[in-house]
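# A closer look at the structure
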2 protein chains.
Amino acid sequence: MSYHHGDLRSALLAASFELLAEGGLAKFSVAAVARRLGVSSAAPYRHFPDRAHLLSAVSAVAARDLRAAILADPAGGLLAVAGAYVRSVVRTGAGFPVIFAAELYAVPDDERREHTRALISTLLELAPGPTHTEAFRQVEATIAVAQGYVTLYCEGFFDSRSVPVDDLVARAVEAARALTQPGRTPQGTA
Amino acid sequence: MSYHHGDLRSALLAASFELLAEGGLAKFSVAAVARRLGVSSAAPYRHFPDRAHLLSAVSAVAARDLRAAILADPAGGLLAVAGAYVRSVVRTGAGFPVIFAAELYAVPDDERREHTRALISTLLELAPGPTHTEAFRQVEATIAVAQGYVTLYCEGFFDSRSVPVDDLVARAVEAARALTQPGRTPQGTA
DNA sequence: GTCTATAGAACGATAGAC
DNA sequence: GTCTATCGTTCTATAGAC
């Protein structure tokens, strides 16, 4: 080992996203990240005090980038949320289950908290409303269907070779469109 | 240790579901299952040759029970699929990501394959169609939204104390209703 | 059919050399 | 700031006693 990197911190984050995209949180480990970069397993601990803080930094970047992707999507509104979510998360492996991972709740990282707050705020602004509660439900449903497609895709339920990401995005957007289409009657489960 | 069980095999399956419901696949391990039952970590290997075969048996039971729950749901059709899926999977922890886990693909277990085949078959029969392809897409979307709600719920995105399972089920069913409502125009993403 | 004991691997994290 | 080396833990799986 003789790796001298200019910015190991950034490299660790990039490698973390690679690992997450390939195998999800299950395959993520500090050791694996270090291995991928050709540095010792101790090196990451110079930049992050422990595994949780590394994941927290990953969460912050994921939240920031996801928000940016949503705002840049020409579809706009919740359709942009669904489309950008599926496309981003399939690529980075870091969707809500990583961004809001339970193991991060107790990690005091102001930067992460600021980025996740901004993300949620943006999501709510993109929902048509009319009430705050209703907007929240619309965001919920949109993220749920997008995350659902991502989960099934990443777990191999779709044949990833025969279903390109673009098709997956299209299906999620189509589902999101149906979810918020006006004229339907939201009533009980009976 | 002095545990003599009449049917350790069944107990191992039950304990596996408990673990999955509490912590998902991440917290599942043969050792943890044994620990929960108060038996030695070697005991499970008398009933299952390895971890993959234990999980395969879990998958078979999950597929069978999920199919039964769907068929027993008075809502019928894809609404029953969404409702029963959310309710069952929140309780058992074993949804599609477990039933069709990638690590099971190479495990030759005829019983599991038969149960999963029957499940898929039932799902397709419940979709309104009209074409086979369209039915498949409808099932996909329904499972995606149901799995999405489950994922967000289990990852703690919802406050599990303030959102009872019944509410979660209701929201998923409502979303599924929107997904298959007639009159909408399935077109491209533009 | 369950136990004790153990081998071997992966991981989180730390100490100390450089 | 990275390395080597190491400790303690958890896990999968096997061997052998009972």
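Here the structure is a predicted model, which is why all the values come from computation and not from measurement.

### As for the relation of the copies chain A and chain B
Superposing chain A onto chain B requires a rotation of 180° together with a translation of 0.0 Å along the rotation axis, leaving an RMSD of 0.0 Å. Expressed as an axis order, the relation between the two copies is that of a two-fold axis. A symmetric contact is evident, with 100% of the interface residues of chain A recurring at the interface of chain B.

### Some thoughts on the interface of chain A and chain B
If you look at the interface, chain A gives 34 residues, while chain B gives 34 residues. Between chain A and chain B, the buried area comes to about 3100 Å², and carbon and sulfur atoms account for 64% of it. The tally of links from chain A across to chain B stands at two salt bridges. The shortest N-O distance in the salt bridge between Glu 140 of chain A and Arg 171 of chain B comes to 2.8 Å.

### Regarding the UniProt feature "DNA-binding region" (unreviewed entry) in chain A
As annotated by UniProt and renumbered to match this structure, "DNA-binding region" (unreviewed entry) occupies residues 29–48 of chain A. Between the first and last C-alpha atoms of residues 29–48 of chain A the distance is 13 Å; the span itself is 40% helix and 0% strand.

### Notes on the protein's contact with DNA strand C
Around DNA strand C sit 20 residues in total, of which Arg 35 and Tyr 45 of chain A together with Ser 40, Arg 46 and His 47 of chain B are the nearest. When atoms of DNA strand C within 4 Å of the protein are sorted by moiety, sugar and phosphate together comprise 71%. Residue Arg 51 of chain A places a main-chain N or O atom 2.9 Å away from a phosphate oxygen belonging to DNA strand C. Here the element with the most residues in the surface near DNA strand C is helix H2 (residues 30–37) of chain A; it accounts for three residues. Here the surface near DNA strand C is built from residues that sort into 10 nonpolar, six polar and four charged.

### Let's talk about the pattern of salt bridges
A side chain of one charge can pair with a side chain of the opposite charge if their charged atoms are brought near each other. Summed over the entire model, instances satisfying the criterion amount to 18 salt bridges over all chains. With a shortest N-O distance of 3.6 Å, Glu 103 of chain A and Arg 51 of chain A are connected by a salt bridge. Of the two residues, Glu 103 of chain A is situated in the loop between helix H5 (96–99) and helix H6 (110–126) and Arg 51 of chain A in helix H3 (residues 51–72); the sequence distance between them amounts to 52 residues. Look at Glu 103 of chain A and you get partly exposed, because its relative accessible area is 39%. On the accessibility criterion, Arg 51 of chain A (29% relative accessible area) is partly exposed. A salt bridge links Arg 177 of chain B to Glu 174 of chain B; its shortest N-O distance comes to 3.4 Å. Residue Arg 177 of chain B and its partner Glu 174 of chain B are located together in helix H8 (residues 165–179), separated by three residues, close to a single helical turn. As far as the burial class goes, Arg 177 of chain B and Glu 174 of chain B line up, both buried. Here the salt bridges do not stand alone but share partners, grouping Glu 18, Glu 22 and Arg 36 of chain A into one network.

### What about the packing of helix H7 (residues 132–154) of chain A against helix H8 (residues 165–179) of chain A?
Residues and elements named next belong to chain A. Direction vectors running N to C along H7 and H8 enclose 155°, while the axes themselves pass 9 Å from each other. Judged by the angle between their axes, H7 and H8 are roughly antiparallel. Crossing hand, H7 versus H8: right-handed. Contact residues: Ala 141, Thr 142, Val 145, Tyr 149 and Tyr 153 in H7; Val 165, Leu 168, Arg 171, Ala 172, Ala 175, Ala 176 and Leu 179 in H8.

So, how was this worked out
- Residues numbered from 1 in each chain as written.
- Chains lettered and ligands numbered in written order.
- Predicted model: local features only at pLDDT ≥ 70, side-chain atom pairs only at ≥ 80, totals over all residues.
- Heavy atoms only, no water.
- Least-squares fit on C-alpha atoms with pLDDT ≥ 70 in both.
- Contact = heavy atoms within 4.5 Å.
- Buried area = accessible area lost by both parts, 1.4 Å probe.
- Salt bridge = Lys/Arg side-chain N within 4 Å of Asp/Glu carboxyl O.
- UniProt positions renumbered as here; feature names shortened; annotations may be inferred.
- Helix = DSSP H or I, 4+ residues; strand = E, 2+ residues; numbered from the N terminus.
- Near = heavy atom within 4 Å.
- Polar contact = N/O pair within 3.5 Å; in protein donor to acceptor, adjacent residues only side chain to side chain.
- Nonpolar A, V, L, I, M, F, W, Y, C, P; charged D, E, K, R; others polar.
- Buried < 20%, exposed > 50% of the residue type's maximum accessible area, 1.4 Å probe, protein only.
- Axes fitted to C-alpha atoms, helices over the stretch in contact; angles between N-to-C directions.
- Parallel < 35°, antiparallel > 145°, perpendicular 65-115°, else oblique.
- Left-handed = near helix turned anticlockwise from the far one by under 90°.

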